[in-house]
Amino acid sequence: MTVVRGKPRRVVTLKTPREIALMREAGRIVARVHEAMREAIRPGVTTAALDALAESIIRKHGAIPSFKGYHGFPATICASVNEELVHGIPRKDRVLKEGDIISVDVGAIYKGYHGDSAWTYAVGEVSEEARRLMAVTREALFAGIEQVRVGRRLMDYSRAVQEYVESHGFFVVRLYTGHGIGRAMHEPPEVLNYVNPMHPDSKRRFVPGMTVALEPMVNVGTWQTRTLSDGWTVVTADGSLSAHFEHTVAVTEDGPYILTTLED
Ligand code: MG
Ligand code: MG
């Protein structure tokens, strides 16, 4: 899940190795959900069925869905289809069809610590444009993660993501940002996916023990967005496709440590 860019709070909580180990467990559970989503997503499946599957996996591993009840959000996953970029609400009547793309965002709390990760999936065969959008968004996230190194600035992450996306002709969403994460799903700092030197967190440096959820949201036709009347679902202003990839990452002396993965 993402946050609306706002007035940043100043104090960043650094995590101990023990806390990062717990966040790694939370992240592994989130990654297991994504592994299951990859298997389950196909034409004919409903977003409500994906939500039920995600919740059962999280609870089976002794964790709690982060999103359920968060500011009243009613579900375990955000399921955002095609022009929806974030915060789509799973529904029994939302049936995926061949050619759709779906962004699944999911968070879990394990022993008091959060993991948060999003991935965009193809439903069957999708258009060349959709494939390219998903690839560029995923690659932009990893170009950004490369910058998560002690001494570099948050703005170095932002620049890497923005330049990668724009060099491929797509648009980075401005209004929603990545965030610190730990005992709360959303902690300081805000981590923008575009360069804004005026933002108070932009010049902040990555330091060991900082844990952040990095999450570029990328649109085909415009960076502008609007929220639907359900109060949650965010769509592209022009109806073009959108993709969203997110990992929770810890800053270490040895470089970025991705917590929301099944790989070691
Ligand atoms: Mg998320
Ligand atoms: Mg997030």
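Above: the structure in question.
Here goes a summary of the coordinates provided. (Residues numbered from 1 in each chain as written. Chains lettered and ligands numbered in written order. Predicted model: local features only at pLDDT ≥ 70, side-chain atom pairs only at ≥ 80, totals over all residues. Heavy atoms only, no water.)

### Quick word on the overall build of the chain
- Helix and strand counts for the chain stand at four helices and 16 strands.
- For the chain, whose C-alpha radius of gyration is 17 Å, the value lies close to the compact-globule estimate of 18 Å for 264 residues.
- For the chain, the spread of C-alpha atoms along the three principal axes comes to 45 × 40 × 35 Å.
- In the chain, 72% of the contacts between residues at least 6 apart in sequence involve partners at least 24 apart.
- With an accessible surface of roughly 10800 Å², the chain has 52% of that area assigned to carbon and sulfur atoms. (Helix = DSSP H or I, 4+ residues; strand = E, 2+ residues; numbered from the N terminus. Rg over C-alpha atoms; globule rule 2.2 N^0.38 Å. Contact = heavy atoms within 4.5 Å. Areas by Shrake-Rupley, 256 points an atom, 1.4 Å probe, with all protein chains shown as cover.)

### Side note on unusual backbone geometry
- Looking along the chain, the bond that leaves Pro188 and enters Pro189 is cis, with omega of 0°.
- The backbone phi angle of His71 is positive, close to 50°, even though this residue is not glycine.
- One can find His71 in the loop between strand S2 (64-65) and strand S3 (77-81).
- Residue classification places His71 among the exposed positions, given a relative accessible area of 67%.
- Phi at His87 takes a positive value of approximately 65°, unusual for a residue other than glycine.
- Mapping His87 onto the fold places it in the loop between strand S4 (84-86) and strand S5 (101-110).
- His87 sits in the buried class, given a relative accessible area of 7%. (Buried < 20%, exposed > 50% of the residue type's maximum accessible area, 1.4 Å probe, protein only.)

### A few points about the environment of Asn82
- Inspection of the secondary structure puts Asn82 in the loop between S3 and S4.
- A residue is classified by how much of its surface remains accessible, and Asn82, at 14% relative accessible area, is buried.
- The spacing of Asn82 and Leu214 is 132 residues in sequence and 21 Å in space, taken between C-alpha atoms.
- Other than its neighbours up to four places away in sequence, Asn82 contacts Lys97, Asp100, Ile101, Leu241 and Ser242.

### Observations concerning the side chain of Thr211
- Mapped onto the fold, Thr211 is located in strand S10 (residues 211-214).
- Side chain to side chain, Thr211 and Lys15 meet in a polar contact 3.1 Å long.
- Within polar-contact distance, the side chain of Thr211 engages the backbone oxygen of Ile181 at 2.6 Å.
- The residues contacting Thr211, other than those within four sequence positions of it, are Lys15, Ile20, Met23, His179, Gly180, Ile181, Val249 and Ala250. (Polar contact = N/O pair within 3.5 Å; in protein donor to acceptor, adjacent residues only side chain to side chain.)

### Examining the pattern of salt bridges
- The tally for this structure, following the rule as stated, stands at 13 salt bridges.
- With a shortest N-O distance of 3.6 Å, Asp264 and Arg28 are connected by a salt bridge. In this pair, Asp264 sits in the segment after strand S16 (255-258) while Arg28 sits in helix H1 (residues 17-40), placing the two residues 236 residues apart along the sequence.
- The class of Arg28 is buried, set by a relative accessible area of 19%. (Salt bridge = Lys/Arg side-chain N within 4 Å of Asp/Glu carboxyl O.)

### Points about the sheet that holds S4
- If you trace the three strands from one edge of the open sheet to the other, you get S4-S13-S12, paired in antiparallel fashion. Whereas interior strands pair on both sides, the edge strands pair on one side only; in this sheet they are S4 and strand S12 (225-227). Going across the sheet, the axis of each strand differs from the next one's by a mean of 40°, ignoring polarity.
- Bridge analysis of S4 against strand S13 (residues 234-236) gives two bridges, and the strand direction is antiparallel. Among the inter-strand pairings, Glu84 is bridged to a residue of S13, identified as Val235. (Pairing = 2+ DSSP bridges. Axes fitted to C-alpha atoms, helices over the stretch in contact; angles between N-to-C directions.)

### A closer look at the environment of Leu53
- With respect to the element layout, Leu53 can be found in helix H2 (residues 47-60).
- A residue is classified by how much of its surface remains accessible, and Leu53, at 30% relative accessible area, is partly exposed.
- Between the C-alpha atom of Leu53 and that of Val33, which follows or precedes it by 20 residues, the distance is 8.0 Å.
- Beyond its immediate sequence surroundings of up to four residues, Leu53 is in contact with Ala36, Met37 and Ala40.

### A few points about the sheet that holds strand S11 (residues 217-219)
- Spatially, the three strands line up as an open sheet ordered S7-S11-S14, and their pairing is antiparallel. What marks the edges here is a single partner per strand, and that holds for strand S7 (171-172) and strand S14 (242-244).
- Relative to S14, S11 runs antiparallel, the two sharing three bridges. Of the residues in S14, the one forming a bridge with Asn219 is Ser242.
- Packing against the sheet, helix H3 (residues 128-145) makes contact with S11 and S14, and its axis sits at approximately 35° to S14.

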